[in-house]
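# Working through the structure, step by step
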Amino acid sequence: MAHWFHRNPLKATAPVSFNFYGVAGSPAANKICNDLRMSRSRLLEMFTDSTCTPEIMKNATDVYFALLQGFIVSLDGTTQDNKMRFIQNFKWTDTLLGNTPSTILQDAVFELVSMAFNVAIWYTKYASRLAGKENVTEAEAKDVHRSLKVAAGIFKNLKEVHIPRLITPAEKGKDLETRVLDTYLVQCQAEAQEVTIARAIELKHNAALIAALAFETANFYQKADHTLNTLEPECSTKWRKYLQLKQHFYMAYAYCYHGQTLLASDKCGEAIRSLQEAEKLYASAEALCKDYRQTKGPGTTAKPSEQLFFLKLGGLIKNTLEKCQRENGFM
């Protein structure tokens, strides 16, 4: 089953030379600085390389972060800051705030957090690219699910471990601010569950189970949307439209499969009401698809109502409702 996911742009960053004249005086120190520069450039190239796989990304990330730790971890084993932590300036954009570097900090922990954030975004984009194929194999579906879990894990780790170490707190609306980070995290959880639902449908699992999964997924999207509701509209409206349309879409899914469960129990009247509610929610999702397409802001440009995943549900609701009405007429 093909999926469609909204994606915000990657963060951009200014080049970093790691030239510390007068500080890195030995050949060994110069080699470390040169390795840092080259490994950083390679990792940044991987973000836009369409042939990059999770294995390649992990290797590139491990190399750069291992070297960067030399500027963060105390060399004497104490909890004090490494003296090299604040020696280099780093400039990064934010995913919702355009292409101008919006945060400039002289802090290696800020570099670690910003680069790791981009790695998480890459995993979500990789998952989206795989999931968008018309015929997703079981192995590919597992890769999508795994990539979204990795991304969610990175966002969670940044929030709990690394961001609290920053000297300068994240400003409102920027990537490292709690509302934005939490939304990315919950969106990953919701999209991973979409893959689970698709797999359950393919394997013809119990309709009640699918309804429960869809209801939970809709709640994930609602939670993500509510997390963004105090963010400035100019940078969050398009993202929120996506979260809202997915919430209505999966709530329609839940009512549709709940209707199938009721029909199997010969509760035709209740099944019809459930399917009628699914129709209303599907129509709301369709309207939100149009709003999403017409809303300007960061993120992908798409026509979600024309995507296969969306059209399939519309047909399923229609056919199931007609079946319920026929069964009800026989009674």
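Scroll up to find the structure.
Residues numbered from 1 in each chain as written. Predicted model: local features only at pLDDT ≥ 70, side-chain atom pairs only at ≥ 80, totals over all residues. Heavy atoms only, no water.

Next up on the list: the overall build of the protein chain. Counting its secondary structure elements, the protein chain contains nine helices and two strands. When the elements of the protein chain are put in sequence order from the N terminus, they spell out α-α-β-β-α-α-α-α-α-α-α. For the C-alpha atoms alone, the extent of the protein chain along its principal axes is close to 90 × 40 × 35 Å. Residues counted as buried form 49% of the 331 residues belonging to the protein chain. If you take every contact in the protein chain between residues at least 6 apart in sequence, the share linking residues at least 24 apart comes to 72%. Carbon together with sulfur atoms contributes 54% to the accessible area of the protein chain, which is approximately 16000 Å² in total. In the protein chain, the 40 positive side-chain charges and the 35 negative ones have mean positions that sit 1 Å from each other. (Helix = DSSP H or I, 4+ residues; strand = E, 2+ residues; numbered from the N terminus. Buried < 20%, exposed > 50% of the residue type's maximum accessible area, 1.4 Å probe, protein only. Contact = heavy atoms within 4.5 Å. Areas by Shrake-Rupley, 256 points an atom, 1.4 Å probe, with all protein chains shown as cover. Lys, Arg positive; Asp, Glu negative; His and termini not counted. Charge placed at Lys NZ, Arg CZ, Asp CG, Glu CD.)

Okay, the packing of aromatic side chains next. Within this structure, the stated rule accounts for 19 aromatic pairs. Ring centres of Phe117 and Tyr184 lie 5.4 Å apart, and the angle between their planes is 85°; on these two criteria the pair is classed as edge-to-face. You can see Phe117 sitting in helix H3 (residues 108-131) and its partner Tyr184 sitting in helix H5 (residues 178-202), a full 67 residues away along the chain. Of the residues examined, Phe117 reaches a relative accessible area of 0% and is grouped as buried. On the basis of relative accessible area, Tyr184 is assigned to the buried category, the value being 6%. For the cation-ring pair, Lys11 lies above Phe117, with the distance from its terminal atom to the ring centre recorded as 5.4 Å. Note that Lys238 overlies the ring of Tyr292, its terminal NZ or CZ placed 4.2 Å from the centroid. (Phe/Tyr/Trp six-rings, centres within 6.5 Å; stacked < 30°, edge-to-face > 60°. Lys NZ or Arg CZ within 6 Å of the ring centre and 35° of its normal.)

This part takes up the nonpolar core. Judged by nonpolar contacts, the single largest core of 105 residues is most densely connected at Met57 and Phe155. If you tally residues by element for this core, the top one is H3, at 17 residues. If we ignore the near neighbours within four places in the chain, the residues touching Met57 are Leu43, Met46, Phe47, Cys52, Val119, Trp122 and Tyr123. (Core = buried A, V, L, I, M, F, W, Y, C linked by side-chain atoms within 4.5 Å.)

Pairs may arise between side chains of opposite charge once their charged atoms sit close together. Enumeration over the complete set of coordinates arrives at 21 salt bridges. Note that Glu177 and Arg179 form a salt bridge whose closest N and O atoms lie 2.8 Å from each other. Each member of the pair, Glu177 together with Arg179, is buried. Between Asp225 and Arg240 there is a salt bridge, with the nearest N and O atoms lying 2.6 Å from each other. Here Arg240 lies in helix H7 (residues 233-264) and Asp225 lies in helix H6 (residues 207-228), a separation of 15 residues in the sequence. Taking the relative accessible area as the measure of exposure, Arg240 reaches 21% and is therefore partly exposed. Connected via shared salt-bridge partners are Glu138, Lys142, Arg199 and Glu202. (Salt bridge = Lys/Arg side-chain N within 4 Å of Asp/Glu carboxyl O.)

With that out of the way, let us pick up the packing of helix H1 (residues 27-47) against H3. As a packed pair, H1 and H3 sit with axes 10 Å apart at the nearest point and diverge in direction by 30°. Classed by the angle they form, the pair H1 and H3 counts as roughly parallel. Viewed along their axes, H1 and H3 form a crossing whose handedness is left-handed. Residues Arg40, Leu43, Leu44, Met46 and Phe47 of H1 form the contact with H3, whose participating residues are Glu111, Met115, Asn118, Val119 and Trp122. Class assignment for the residues of the contact of H1 with H3 results in seven nonpolar, one polar and two charged. (Axes fitted to C-alpha atoms, helices over the stretch in contact; angles between N-to-C directions. Parallel < 35°, antiparallel > 145°, perpendicular 65-115°, else oblique. Left-handed = near helix turned anticlockwise from the far one by under 90°. Nonpolar A, V, L, I, M, F, W, Y, C, P; charged D, E, K, R; others polar.)

Another aspect to go through is the side chain of Glu177. Within the secondary structure layout, Glu177 lies in the loop between helix H4 (138-162) and H5. Looking at Glu177, its side chain comes within polar contact range of the side chain of Arg179, at 2.8 Å. (Polar contact = N/O pair within 3.5 Å; in protein donor to acceptor, adjacent residues only side chain to side chain.)

Next up on the list: helix H8 (residues 268-294). The first and last C-alpha atoms of H8 sit 39 Å apart over 27 residues, in line with the 39 Å expected at 1.5 Å per residue. What H8 keeps buried is the set Cys268, Ala271, Ile272, Ser274, Leu275, Ala278, Leu281, Tyr282, Ala285, Leu288, Cys289 and Tyr292. (Expected span 1.5 Å × (residues − 1).)

It is worth spelling out the environment of Gln193 at this point. For Gln193, the location among the structural elements is in helix H5. With 20 residues separating them in the primary sequence, Gln193 and Leu213 have C-alpha atoms 7.5 Å apart. What Gln193 contacts, discounting residues up to four positions off in sequence, is Leu213, Glu216, Thr217 and Phe220.

With that settled, the discussion passes to unusual backbone geometry. Phi angles above zero are rare outside glycine, and Phe18 is one such case at about 55°. Note that Phe18 resides in the segment before H1. We classify Phe18 as buried; its relative accessible area is 1%. For Asp266, which is not glycine, the phi dihedral falls at a positive 60°.

Look at H1 against helix H2 (residues 54-68): their axes get within 9 Å of each other, and the N-to-C directions meet at 150°. On the basis of their axis angle, the class for H1 and H2 is roughly antiparallel. Considering how the two elements wind past one another, H1 and H2 form a crossing that is left-handed. Contacts between H1 and H2 involve Asp35, Leu36, Ser39, Arg40, Arg42, Leu43, Met46 and Phe47 from the first element and Ile56, Met57, Ala60, Thr61, Val63, Tyr64, Leu67 and Leu68 from the second. Class assignment for the residues of the contact of H1 with H2 results in 11 nonpolar, two polar and three charged.

These values are about where atoms sit, not about what they do.
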